[in-house]
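Now for the letters of each chain:
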Amino acid sequence: MKLPIDFYLRQDVVQVAQDLLGKVLYTHIHGKTCAGIITETEAYAGITDKASHAYGNRRTTRTETMYQQGGISYVYLCYGMHHLFNIVTNQQDIPHAVLIRAIQPYAGLDTMLQRRNAKQYHHQLLNGPGKLSMAMGINQTFNAQSLQGNQVWLESKSIDVPEECIEITPRIGVDYAKEDALLPYRFVVKAKL
DNA sequence: CGTACGATCTGCT
DNA sequence: GCAGATCGTACGA
C-alpha cells in the first residue's frame, strides 16, 4: 500500500520527517525492485530555514521542484557527484522537503550491492544520502516524480517506530546556516527494528 | 561570462 | 584525520 497523498500534504515538515522513519522507500528500475526501511531523515523548512535551498523564497530552476505540491521527489546533485533524494511536503508554493539520509535494506539487496560495487552487506553500505541514492539507482531523472507512480514510492509497515527509539539531533553539514544549523531537525532510528 | 561552493564519499596517511 | 574528486547552481560583473 503506497502512502496516501495526505501523508505528504501535512503542514509540519518536521513531524513528517519524524513520521518517515520506519517507512519503506521503493524504486523500480528496468524490472529491478529495491526497497529500504528509512532510518534517518532531515527536515528542511522552506523560506525561513537558512539551511534550505528555498531560503528567502529563492525560486530557481533547481528549487522549483520544492514549490510544487507535496508527494513528489526532489533530487539534486551535491558536490558534483552525489544525487540526494528528498521528499517534497506541504501544499503548492510552500517549499518544504525531507532529506532521506539512511536506509536499511529490505528488498533487492543483490542489485543494491552491484550498484555500490560491494560484495556483501556491511553497516556502511546505506548510511548516507549519496550512498543510498547510488544503491537505489536514484539519479537526476528521479527529480519531481510523483510518489504515487511506479518508479519510486513509499509504503508503510504494520508497526511504527516507537518514539523512545528515535534520536533527535541538529542536521549534518549545514554549518553555513548559522543559528539554523542548531535546529533539532534530524531524526535517527537508534536500534534495529 | 567567471567563479566560488556545496544537505558527500572514499581512500590514503 | 584529511585532501581530492567533480560539476551544476547561484550570483555578481
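Above this text you will find the structure in question.
Keep in mind the model is a prediction, meaning the values are calculated, not measured. (Residues numbered from 1 in each chain as written. Chains lettered and ligands numbered in written order. Predicted model: local features only at pLDDT ≥ 70, side-chain atom pairs only at ≥ 80, totals over all residues. Heavy atoms only, no water.)

A. Up close: the protein's contact with DNA strand C. Near DNA strand C you find Arg58, Thr60, Arg62, Thr63, Leu77, Tyr79, Gly80 and Met81, and these make up its full shell. Restricting attention to atoms of DNA strand C within 4 Å of the protein, one finds that 69% of them are sugar or phosphate atoms. Taking Thr60, its side chain carries an N or O atom lying 2.4 Å from a phosphate oxygen of DNA strand C. Tyr79 has a polar backbone atom sitting 2.7 Å from a base oxygen of DNA strand C. Partitioning the surface near DNA strand C into residue classes produces three nonpolar, three polar and two charged. (Near = heavy atom within 4 Å. Polar contact = N/O pair within 3.5 Å; in protein donor to acceptor, adjacent residues only side chain to side chain. Nonpolar A, V, L, I, M, F, W, Y, C, P; charged D, E, K, R; others polar.)

B. Spatial organisation of the pairing of strand β5 (residues 96–107). As judged from the ten bridges shared by strand β2 (residues 32–45) and β5, these two strands associate in the antiparallel manner. Bridge assignment links Ile37 to a residue of β5, and that residue is Gln104. Relative to β5, strand β4 (residues 82–89) is paired through four bridges, and the arrangement is antiparallel. Bridging from a neighbouring strand, Thr89 pairs with His96 of β5. What sits between the antiparallel neighbours β4 and β5 is a turn of six residues, in which Asn90 has the positive phi angle 70°. (Pairing = 2+ DSSP bridges. Helix = DSSP H or I, 4+ residues; strand = E, 2+ residues; numbered from the N terminus.)

C. Highlighting the pairing of β4. Across the eight residues that make up β4, a large majority, six, are buried. In this sheet, β4 lies alongside strand β3 (residues 73–78) in antiparallel orientation, the contact comprising six bridges. Bridge pairing links Cys78 to His82 in β4. In sequence, β3 turns back onto β4 through a hairpin of three residues, with Tyr79 there showing a positive phi of about 55°. (Buried < 20%, exposed > 50% of the residue type's maximum accessible area, 1.4 Å probe, protein only.)

D. Fine view of unusual backbone geometry. Here Asn117, not a glycine, exhibits a phi torsion of approximately 55°, which is positive. Tracing the sequence through the fold places Asn117 in the loop between α4 (109–115) and α5 (129–136). Non-glycine residue Ala144 carries a positive phi angle of around 60°.

E. View of the layout of surface pockets. Counted as a void, the largest pocket has a volume near 410 Å³. A per-class count over the lining of the largest pocket returns 14 nonpolar, six polar and one charged. Size it by volume and the second largest pocket reaches roughly 340 Å³. Taken together, the elements giving at least two residues each to the lining of the second largest pocket come down to β2, β5 and β8 (186–189). Its residues placed into classes, the lining of the second largest pocket shows seven nonpolar, four polar and three charged. (1 Å grid on protein atoms, 1.4 Å probe; cavity = no way out; pocket = protein on both sides within 12 Å on 5 of 7 lines; lining within 4 Å. Points joined across faces, edges and corners; volume = space filled by probe spheres on them.)

F. How the structure looks around the side chain of Arg171. Tracing the backbone shows Arg171 in the loop between β7 (166–169) and β8. The class of Arg171 is buried, set by a relative accessible area of 5%. If near-sequence neighbours (up to four positions away) are discounted, Arg171 is found in contact with Glu42, Ala43, Tyr44, Asp49, Ala51, Asp180, Ala181, Leu183, Tyr185 and Arg186. (Contact = heavy atoms within 4.5 Å.)

G. Expanded view of the protein's contact with DNA strand B. Around DNA strand B sit 19 residues, and of these Tyr79, His82, Asn86, Arg116 and Tyr176 come closest. Considering DNA strand B, the proportion of its atoms within 4 Å of the protein that are sugar or phosphate atoms stands at 52%. Between DNA strand B and the protein, one listed contact pairs a phosphate oxygen with a backbone N or O atom of Gly130 at 2.9 Å. Every element with two or more residues in the surface near DNA strand B is listed here: β4, β5 and α5. Within the surface near DNA strand B, the residues separate by chemical class into nine nonpolar, seven polar and three charged.

H. Structural detail: the nonpolar core. Core analysis: the biggest nonpolar cluster contains 38 residues, and Leu20, Leu25, Phe85, Ile87, Ile100 and Leu154 have the highest contact counts within it. If we skip the residues at most four places from it in the chain, Ile87 touches Tyr8, Leu20, Ile72, His96, Ala97, Val98, Ile100, Leu147 and Leu154. (Core = buried A, V, L, I, M, F, W, Y, C linked by side-chain atoms within 4.5 Å.)

I. Highlighting the environment of Arg115. Along the chain, the position of Arg115 falls in helix α4. Placed 37 residues apart in sequence, Arg115 and Cys78 show a C-alpha to C-alpha distance of 19 Å.

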